[in-house]
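# Structure assessment
Residues per chain, in single letters:
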Amino acid sequence: MEHPFIGDLSHLSMDELTEKINSLNKSLAYSMRSGRYDMSNQIRMALESYRGELNRQQAKLLEGEESLTGSIDIT
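So, here is what we can say about the structure in this document. (Residues numbered from 1 in each chain as written. Predicted model: local features only at pLDDT ≥ 70, side-chain atom pairs only at ≥ 80, totals over all residues. Heavy atoms only, no water.)

### Observations concerning the side chain of Gln 57
- Relative to the helices and strands, Gln 57 is located in helix 2 (residues 37-69).
- Residue Gln 57 is classed as buried on the basis of its relative accessible area, which comes to 15%.
- Residues contacting Gln 57, with those up to four places away along its chain left out, are Leu 9, Ser 10, Leu 12, Ser 13, Met 14 and Leu 17. (Helix = DSSP H or I, 4+ residues; strand = E, 2+ residues; numbered from the N terminus. Buried < 20%, exposed > 50% of the residue type's maximum accessible area, 1.4 Å probe, protein only. Contact = heavy atoms within 4.5 Å.)

Structure, rendered in structure tokens:
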């Protein structure tokens, strides 16, 4: 389940998304160690939002590479 208060993430680059995911993973580890399970659930939802956008951008990048596969003719 994605976080309902995180808006459109499509303006972020893949590097920015990766950086945010790393930061959220650190926060999740801290909240779990602290026993703050309510906070952990919120962080998990945020992580899912950022990971989902990163996956969408990676899929779009792969689609572009696949369309180039058969178009190179060197004869």
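### Some points on the nonpolar core
- Leu 9, Leu 12, Leu 17, Ile 21, Leu 24, Leu 28, Ile 43, Ala 46, Leu 47, Tyr 50 and Leu 54 form the largest nonpolar core, which has 11 residues in total.
- For this core, the elements supplying multiple residues, two or more each, are helix 1 (14-34) and helix 2.
- Apart from the residues lying within four places of it in its own chain, the contact partners of Leu 54 are Met 14, Leu 17, Thr 18 and Ile 21. (Core = buried A, V, L, I, M, F, W, Y, C linked by side-chain atoms within 4.5 Å.)

### Description of the pattern of salt bridges
- In the structure shown here, the tally under the stated rule is 1 salt bridge.
- For the salt bridge of Glu 53 with Arg 56, the shortest nitrogen-to-oxygen distance reads 3.3 Å. Of this pair, Glu 53 and Arg 56 both sit in helix 2, 3 residues apart, roughly one helical turn.
- Judged by its relative accessible area of 45%, Arg 56 falls in the partly exposed class. (Salt bridge = Lys/Arg side-chain N within 4 Å of Asp/Glu carboxyl O.)

### Points about the environment of Ser 10
- Summarising the element assignment, Ser 10 is placed in the segment before helix 1.
- On the basis of relative accessibility, which here comes to 43%, the residue Ser 10 falls in the partly exposed class.
- Spatially, the C-alpha atoms of Ser 10 and Glu 53 are 6.8 Å apart, while their sequence positions differ by 43 residues.
- Setting aside residues no more than four positions away along its own chain, Ser 10 makes contact with Glu 53 and Gln 57.

Remember that the coordinates give geometry; whether it matters functionally is a separate question.
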